[in-house]
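In case you want the letters, here they are:
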Number of protein chains: 2
Amino acid sequence: MSLKESYNKLTSLIEETLLIGTIQNILNWDFETYMPPKGVEQRAKQFAYLAKVAHEKTTDPIIGNLLKTIMEHPEYRTLTDIEKRNLYLIKREYDKETRVPSELVAEIAAQSAKTIQVWKEAKKEKNYLLYKPELNKILALTKKRAHYINPNLEPFDVLLDEFEPGMTSDIITKLFNELKAGLIPLIEKCITSSNQPDISLLKRNCPIEIQKRLSTSIASIVNYDLERGSIDETEHPFTTGYYDDVRITTHYYENDFVDSFYSVMHEAGHALYEQNLNRDFLYTSVGNYCSLGIHESQSRFIENILGRSPEFWEYYLPIFKKITGEIFSDVKTHSLVHALNRVIPSKIRVTADEVTYCLHIIIRFEIERDLLTGKISVDELPSVWNRKYKDYLGVDIEDNTEGVMQDTHWAGGAFGYFPTYALGNIYNAQMLNAMLKDLSNFKELIKTGQLSPIINWMIEKVHKPANMYDPPELMKRITGEEINPKYFIQYLEKKYSKIYGF
Amino acid sequence: MSLKESYNKLTSLIEETLLIGTIQNILNWDFETYMPPKGVEQRAKQFAYLAKVAHEKTTDPIIGNLLKTIMEHPEYRTLTDIEKRNLYLIKREYDKETRVPSELVAEIAAQSAKTIQVWKEAKKEKNYLLYKPELNKILALTKKRAHYINPNLEPFDVLLDEFEPGMTSDIITKLFNELKAGLIPLIEKCITSSNQPDISLLKRNCPIEIQKRLSTSIASIVNYDLERGSIDETEHPFTTGYYDDVRITTHYYENDFVDSFYSVMHEAGHALYEQNLNRDFLYTSVGNYCSLGIHESQSRFIENILGRSPEFWEYYLPIFKKITGEIFSDVKTHSLVHALNRVIPSKIRVTADEVTYCLHIIIRFEIERDLLTGKISVDELPSVWNRKYKDYLGVDIEDNTEGVMQDTHWAGGAFGYFPTYALGNIYNAQMLNAMLKDLSNFKELIKTGQLSPIINWMIEKVHKPANMYDPPELMKRITGEEINPKYFIQYLEKKYSKIYGF
């Protein structure tokens, strides 16, 4: 086989694994939306079968042989940068997947399902002691897996790298310390301000049919293509799919239109990224998204930087009032924007505001980093958790279900995943700073509802490069700088000093 | 490997191919229901990939080797009847799939797509000449495929056997001739009767929300389990799925509640069969349905024998009126039943009544049988078609779009498939005759809405045996007799003489 033939053979094998991924997406979407309730058993068999096939395909020795042939080929250097990046990504995945024994993969899948189940029960019974032994088991298995992948690195760094390639706990610690230093005084200013919003207007009854019309309206305003997507209902909102078929979900509550409104914006941000990946790279490794942090930067850009900005509401409020009729006819832009941006320290991450949110993430990061090095034990978790919530956010956790047991992530073995949520904010504010140099009329564009130049900037700078670069390199190419949390602090200070008037 | 090990290895390979089938079902259902319109390209890739994997798996030489090992094993006779039937079915499928060259499979897939596309255009343009050459091509390829499968049989018999194992064109000719002889005079009596129904009441406006409530109501009355199923909307109604996840679809028209009402009953009949297959046989060859004819017997039993019976409406009319409110409050059982059972010769098969329907099928059968032996050519098709419609149904076809071009089946290469529609009627009336011996209070049960004993009889006699026997053997076990169309004629004569009063 010539170099070209080997390369084509390899990428056609990878295309099949990516196609299996898109099939898994649809089955999972169906599972969460329309599957009959008792279809679970059959779906579990389908999932298990596809997971087995996907694992066999990604660890097939043919891939290893082809990689070796290609990389040792005398004409290797004649390949394009895109081809070389593809090979790098294929090798990274292959090495990782082949290093972990199949038995351990199966053991982790089983233990993770078990721990999640026990977590649910323990949360219902408010009993951390019930959860603890299972959490210990999944933690041990996760560390074991990390050791297989790379015995020379700290387990936390191995896990983090899977979600955010190029990131280390040292870098994150530095970034998050800066963030913390900026956030704590800002939160203090907001919560001690005498100028507090009236949030009762957010709880006005808004019929679900109207909320659905709002969903379609904002989806189309941010250019989410509904001919290549859909908005359905699930318990927890999510985005799934790839390029021509990217679906989002939301949840409607009559007395909380904010929930569906911003979950649609958030998920539409994720969906935009997938819908605008580089057509030339489709079904190749380089044609995937870059990292979870970059993905989150896109969802939060749409949700917060655009969607919660005063400028957006200057444009959108008339449309909003037209759709909602009498319900909000008396509402003024400033009061609505202030209510939507109220800063208030709380116990629950998922409902936290834009400013305090990152502190929730920092707490989780600090704890999981220390859990994985063994600096703290699962026994000490609740006390460490509660102390940090008191220190950073000033809130008292009286009940572990509102504390360490609030999230499912650790039960599922997802250690090293949380930091990507805060990285998304750091990234998107830094992107915004770069964007402002190209689009100096940024605020004017939003005020007049001309979002396309903004979205198109993101498409060119973030979506189209897809997975050509790891996050640090991508950020450097977009912004000309190293990753720097100061832009996020500056963005928040500017926005909130204006809203709160300090 | 021991005999048992070989057998288990073989059945685990087959289980995987059946699981792929269930995944294809979901993707196809999604394609017809909720897929975003521009998701077509990605879905085509997924379909092609799964079809390729399924073909590779069903023709894997390992299956052939295992079959040989097992069937030549000295202890073969120690296997159970179920295991032997499984082996027989696996071998039948394997032999068929391996005899047809992959290139021909691909060629047929491509030509069938082409012919369907041209058929659509030609139908729109009312131009048979445009369609003719493509129909000729798919016919030639289909004959070629039949020759590969079995060069010693007439191509039509090879094709028929795929849909209805154990059936031949000779048997069908005999059955259909009897049927025709019984139907033609019966139709004459109905259409010349002075007692004709008022069908205008069927066209009363019935809001779609109400029709949806009717759908759920009748689905639950016939024991279709909505916890293992769902009712969604598609252009053409269908049933898809297996055991714990069997979904049906329908189409709602404001001025034609009959359409959705009986399509739900029809599809629920199909769904009942799939939901009640033998749990012990799941994901094995013997755990599938028996044949398309037997499947159709189940859908038509629910739709016609139950759903269009005077007894059903004696029970259901009050419920129907409660759901539909004022719309049908003045309607009497007899007038509604008569309207729902109006006999009228027509040109279009899919909207034909219970009595004339079989003549449409007989015409198609006679033509495709003669097409495949070469007795008639594609050139002569329209004239032969139109003559038969005049002879059997007394209608004049002036336009091929209402004649030979009305159905998509032949364009898709589905020759030998039509007879199963009429066989379904022959089977279900014969089943009914056997059922009456066990449930002498059959009519009373329906009148009082106690459908469970009736459905349970079908479950025990038809659904649970699944694919243990080919249709002729299954019918003999259920009814103690050879397949006999006289029961269908008798059923029709009894029912329609009462309704029309002759």
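Just so it is clear, the model here is predicted, and its values are computed rather than measured.

Enquirer: For the overall build of chain A, give the residues involved together with the corresponding values.
Expert: When its secondary structure is counted, chain A shows 20 helices and three strands. Computed over its C-alpha atoms, the radius of gyration of chain A comes to 23 Å, within 12% of the 23 Å expected for a compact globule of 502 residues. Expressed as lengths along the three principal axes of its C-alpha atoms, the size of chain A is roughly 70 × 50 × 50 Å. Split into buried and exposed, the 502 residues of chain A put 41% on the buried side. Sequence separation of 24 or more characterises 73% of the internal contacts of chain A that already satisfy a separation of 6 or more.

Enquirer: Explain the domain arrangement of chain A residue by residue, including any values.
Expert: Interfaces are frequently sized by the accessible area removed from exposure as the parts join. Residue and element names in this part refer to chain A. Its domain assignment divides chain A into domain 1 (1-99) and domain 2 (199-347 + 437-469). Between domain 1 and domain 2, the C-alpha centre-to-centre distance is 31 Å. Facing the 16 residues of domain 1 at the interface are 13 residues of domain 2. Ranked by residue count, the leading element in the side of domain 1 that touches domain 2 is helix 1 (residues 3-32), at 10 residues. Of the residues in the side of domain 1 that touches domain 2, the class split is seven nonpolar, six polar and three charged.

Enquirer: Before we move on, can you summarise the relation of the copies chain B and chain A with the specific residues and values?
Expert: For these two chains of identical sequence, chain B goes onto chain A by a turn of 180 degrees and a shift of 0.1 Å along the axis, with RMSD 0.0 Å. Given the turn and translation reported, the copies of this chain are related as if by a two-fold rotation axis. The overlap is high: 100% of the interface residues of chain B also sit at the interface in chain A, so the same surface is used on both sides.

Enquirer: Now, about the packing of helix 16 (residues 419-438) of chain A against helix 19 (residues 471-479) of chain A: what can you tell me, with residues and values included?
Expert: All names here are of chain A. Axis separation between helix 16 and helix 19 bottoms out at 9 Å; the angle between their running directions is 25 degrees. In this view, helix 16 runs roughly parallel relative to helix 19, as classed from their interaxial angle. Across the interface between the two elements, Tyr427, Gln430, Met431, Asn433 and Ala434 of helix 16 pack against Met475, Ile478 and Thr479 of helix 19. Of the residues belonging to the contact of helix 16 with helix 19, the class tally is five nonpolar, three polar and no charged.

Enquirer: Please give an account of the interface of chain B and chain A that cites residues and values.
Expert: With 25 residues of chain B at the interface, the matching set in chain A holds 25 residues. Within the residue set of the side of chain B that touches chain A, elements represented by two or more residues are helix 1 (3-32) and helix 2 (40-58) of chain B. The residue inventory of the side of chain B that touches chain A, partitioned by class, reads 10 nonpolar, six polar and nine charged.

Enquirer: Break down helix 9 (residues 208-221) of chain A for me, citing the residues and quoting the values.
Expert: Residue pairs spaced three or four apart in an α-helix point in one direction, given the helix's 3.6 residues per turn. All names here are of chain A. Given a rise of 1.5 Å per residue, 14 residues ought to cover 20 Å, and the 20 Å separating the end C-alpha atoms of helix 9 matches this to within 8%. Along helix 9, the positions that sit buried rather than exposed are Gln211, Leu214, Ser215, Ile218, Ala219 and Ile221. Along the long axis of helix 9, the arc covered by the buried residues comes to 160 degrees, so they all point the same way. Facing away from the buried side of helix 9 by more than 90 degrees, the exposed set consists of Glu209 and Ser220. Downstream of helix 9 by one or two residues, Asn223 has phi in the positive range, about 70 degrees.

Enquirer: Could you give an account of the sheet that holds strand 3 (residues 245-250) of chain B, with specific residues and numbers?
Expert: Residue and element names in this part refer to chain B. Ordered in space as 1-3-2, the three strands form an open sheet in which the pairing is mixed. Whereas interior strands pair on both sides, the edge strands pair on one side only; in this sheet they are strand 1 (231-233) and strand 2 (239-242). Averaged over all pairs of adjacent strands, the angle between their axes in this sheet comes to 25 degrees, without regard to strand direction. Pairing analysis gives four bridges linking strand 2 to strand 3, with the strands arranged antiparallel. Bridged to Gly241 within strand 3 is Val246. Across the sheet, helix 10 (residues 257-275) lies against strand 1, strand 2 and strand 3, angled at about 165 degrees from strand 3, the strand it touches most.

Enquirer: Explain the nonpolar core to me, using residue names and the numbers behind them.
Expert: All names here are of chain A. Counting 117 residues, the largest nonpolar core has Val222, Ala268, Ile362 and Ala422 as the members making the most contacts within it. When residues of this core are assigned to their parent elements, the largest contribution, 10 residues, is made by helix 14 (residues 357-373). Among the domains, domain 1 (1-99) and domain 2 (199-347 + 437-469) are the pair contributing at least three residues each to this core. Among all residues touching Ile362, those that are not within four sequence positions of it are Phe176, Leu179, Lys180, Tyr392 and Ala422.

About the cut-offs
- Residues numbered from 1 in each chain as written.
- Chains lettered and ligands numbered in written order.
- Predicted model: local features only at pLDDT ≥ 70, side-chain atom pairs only at ≥ 80, totals over all residues.
- Helix = DSSP H or I, 4+ residues; strand = E, 2+ residues; numbered from the N terminus.
- Rg over C-alpha atoms; globule rule 2.2 N^0.38 Å.
- Buried ≥ 20, exposed ≤ 12 C-beta atoms within 10 Å, placed from the backbone.
- Contact = placed C-beta atoms within 7 Å.
- Domains from an automatic or database assignment.
- Nonpolar A, V, L, I, M, F, W, Y, C, P; charged D, E, K, R; others polar.
- Least-squares fit on C-alpha atoms with pLDDT ≥ 70 in both.
- Axes fitted to C-alpha atoms, helices over the stretch in contact; angles between N-to-C directions.
- Parallel < 35°, antiparallel > 145°, perpendicular 65-115°, else oblique.
- Expected span 1.5 Å × (residues − 1).
- Arc of directions from axis to C-beta.
- Pairing = 2+ DSSP bridges.
- Core = buried A, V, L, I, M, F, W, Y, C linked by C-beta atoms within 7 Å.

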